[in-house]
Amino acid sequence: MRRVLLTGFAPFGGERVNPSWQAVALLAAERPSLAAVELPCEFTASAEVLRTAVEEHRPELVVCVGQAGGRPDVTLERVAVNLADARIPDNAGARPIDVPVVAGGPAAYFTALPVKACAAAIRRAGIPASVSHTAGTYVCNHVFYALMHLLADGHPGVRGGFVHVPYSPEQVAEAGTTAPSLAVERCAAALGVLVDTALEVTVDLAVTAGALH
Ligand code: PCA
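Presented here is a report on the structure given in the accompanying data block.

Cut-offs applied
Counting restarts for each chain: residues are numbered from 1 in the order of the written sequence. Where totals are concerned, whole chains, interfaces and linings use all residues; where local detail is concerned, this predicted model gives features only for residues with pLDDT of at least 70, and gives and counts side-chain atom pairs only at 80 or more. To get the side-chain values, all heavy atoms of the structure are used, and hydrogens and water are removed first. The rule for a residue being near a molecule or strand is that one of its heavy atoms must lie within 4 Å of it. Identification of polar contacts relies on pairs of N or O atoms within 3.5 Å, with a donor-acceptor requirement for protein atoms, meaning one able to donate a hydrogen and the other able to accept it, and with residues adjacent in sequence counted only if both atoms are side-chain atoms. With a 1 Å grid spanning the protein atoms alone, the term cavity applies to any set of points in which a 1.4 Å probe fits but cannot get out, the term pocket to an open set with protein on both sides within 12 Å along at least five of seven lines, and the term lining residue to any residue with an atom within 4 Å of a point. Each molecule is checked against the cavity or pocket grid, and it sits inside if more than half of its atoms lie within 2 Å of the grid points. Note on conventions: DSSP H or I runs of at least 4 residues are helices, E runs of at least 2 residues are strands, and numbering of each starts at the N terminus. The nonpolar class holds Ala, Val, Leu, Ile, Met, Phe, Trp, Tyr, Cys and Pro. Asp, Glu, Lys and Arg form the charged class, and all remaining residues, Gly among them, are polar. When DSSP finds two or more bridges between two strands, those strands count as paired. Axes here refer to lines fitted to C-alpha atoms; in helices the fit is confined to the stretch in contact. Angles between the N-to-C directions go from 0 to 180 degrees. Should any heavy atoms of two residues lie within 4.5 Å, those residues are considered in contact. Any Lys or Arg side-chain nitrogen located within 4 Å of an Asp or Glu carboxyl oxygen qualifies as a salt bridge. Three labels apply to residues, based on accessible area from a 1.4 Å probe with only protein chains included: buried if under 20% of the type maximum, exposed if over 50%, partly exposed otherwise in between. Among the buried residues, those of types Ala, Val, Leu, Ile, Met, Phe, Trp, Tyr and Cys that are joined through side-chain atoms within 4.5 Å form a nonpolar core. Classification of ring pairs uses Phe, Tyr and Trp, with its six-membered ring standing for Trp, and accepts pairs whose centres are within 6.5 Å; under 30 degrees between planes counts as stacked, over 60 as edge-to-face, and the remaining range as tilted. Grid points are joined across faces, edges and corners, and a volume is the space filled by probe spheres set on the points.

1. Observations regarding the site of the ligand
If you check the shell around the ligand, you find Phe9, Phe12, Asn18, Cys41, Gly66, Gln67, Tyr138, Val139, Cys140 and His164 and nothing else. Take Gln67: an N or O atom from its main chain is 2.8 Å from an oxygen atom of the ligand. Contacts to the ligand include Cys140, whose backbone N or O atom sits 2.9 Å from an oxygen atom. Judged by the proximity of its atoms to the pocket grid, the ligand belongs to the largest cavity. Going through the elements one at a time, strand 3 (61–67) and helix 4 (139–152) are the ones with two or more residues in the shell around the ligand. The residue makeup of the shell around the ligand, split by class, is six nonpolar, four polar and no charged.

2. Observations concerning the sheet that holds strand 1 (residues 4–9)
The strand order across the open sheet formed by six strands is 2-1-3-10-4-9, and the pairing between neighbours is mixed. In this open sheet, the two edge strands, each paired with only one partner strand, are strand 2 (35–39) and strand 9 (129–132). Across the sheet, the axes of successive neighbouring strands diverge by a mean angle of 25°, strand direction being ignored. Bridge analysis of strand 1 against strand 2 gives five bridges, and the strand direction is parallel. Pairing of Gly8 across the sheet is with Glu38, part of strand 2. Packing of helix 1 (residues 19–30) onto the sheet brings it into contact with strand 1, strand 2, strand 3 and strand 10 (159–165), and relative to strand 1 it is tilted by some 145°.

3. Remarks on the pattern of salt bridges
Pairing of side chains with opposite charge becomes possible as their charged atoms draw close. Enumeration according to the criterion identifies four salt bridges in this entry. Among the ionic pairs, Arg16 bridges to Glu174, the shortest N-O distance being 2.7 Å. Placement of the pair is Arg16 in the loop between strand 1 and helix 1 and Glu174 in helix 5 (residues 169–175), with a sequence separation of 158 residues. Of the two residues, Arg16 and Glu174, neither departs from the other in class, the shared state being exposed. Across the pair Asp196 and Arg31 runs a salt bridge whose closest N-O atoms are separated by 3.0 Å.

4. Notes on the nonpolar core
Counting 33 residues, the largest nonpolar core has Leu61, Val63, Val74, Leu76, Ile122 and Leu194 as the members making the most contacts within it. Elements with a minimum of two residues in this core: strand 1, helix 1, strand 3, strand 4 (74–77), helix 3 (115–124), strand 9, strand 10 and helix 6 (184–200). Here this core takes ten residues from helix 6, the largest share from any one element. Once you skip the residues sitting within four places of it in the chain, Leu76 turns out to touch Val115, Cys118, Ala119, Ile122, Ala129, Ser130, Val131, Ser132, Phe162 and Leu194. Grouped together as the second largest cluster of nonpolar side chains are 32 residues, Leu5, Ala86, Phe144 and Ala146 included.

5. Side note on the packing of aromatic side chains
Counted according to the given criterion, the structure contains four aromatic pairs. On the numbers, 5.9 Å between centres and 45° between planes, the contact of Phe12 with Tyr138 is tilted. Residue Phe12 is found in the loop between strand 1 and helix 1, and its partner Tyr138 is found in the loop between strand 9 and helix 4; the two are separated by 126 residues along the sequence. An angle of 85° between the planes, with centres 5.6 Å apart, marks the rings of Phe43 and Tyr138 as edge-to-face. Here the residue Phe43 occupies a position in helix 2 (residues 43–57), and Tyr138 occupies one in the loop between strand 9 and helix 4, the gap between them amounting to 95 residues. Here Phe43 matches Tyr138 in class, with each residue buried.

6. A few points about the layout of surface pockets
Approximately 440 Å³ is the volume found for the largest pocket. Contributing to the lining of the largest pocket are 18 residues, with Phe12, Gln67, Arg87, Ile88 and Tyr138 lying nearest its centre. Here the second largest pocket is characterised by a volume of approximately 170 Å³. Lining of the second largest pocket is provided by Ala47, Glu48, Leu50, Arg51, Val101, Val102, His142, Ala146, Leu147, His149 and Leu150. Listing elements by their share of the lining of the second largest pocket, those giving two or more residues are helix 2 and helix 4. Of the residues forming the lining of the second largest pocket, the biggest block, five residues, is contributed by helix 4.

See below:
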């Protein structure tokens, strides 16, 4: 059995749910071999809970998932930056502004996931997906960077990455807005395709997923 750890986040920013954790929990219920852990939406605690989970489960693949409200599709993050700049306080009230995730760490890490192959496979399953070049500067980027730093330092061969999912239709309906959304079931299916693809593919597709801006 190949060991895979998936994480999702607790609700934040006044939301009652976080579709990232809902999707991870749904997939883990379908695939009991997956380890699933909910991370607090807190800068300090999220990285600590993630480290403990990696040490406990000893996975070969780690995929962290977060909510990106306003994005229309599943986005596979390519780069984590060593910067926290919080527009809103986290769930513990912390609001770091322009501080590094890891003091003295490299400016950025690239994901180890074959993001282009994963995005293509998810689209083939009928779910919109693309490659993203920024995970923002809030808790998701923080966890992504902390994950890549952790794996770079003492976990040879373990691959990690980050995925953002849109709001769920229920969140948008409750808010009374017209923001884009994707059903949690579809997000869970996308994560399943992603895990299968990431386990299978070690060399990413030689096609562009670049952005002009
Ligand atoms: N999304 C936020 C933090 C937690 C989450 O699910 C982010 O994109 O940083």
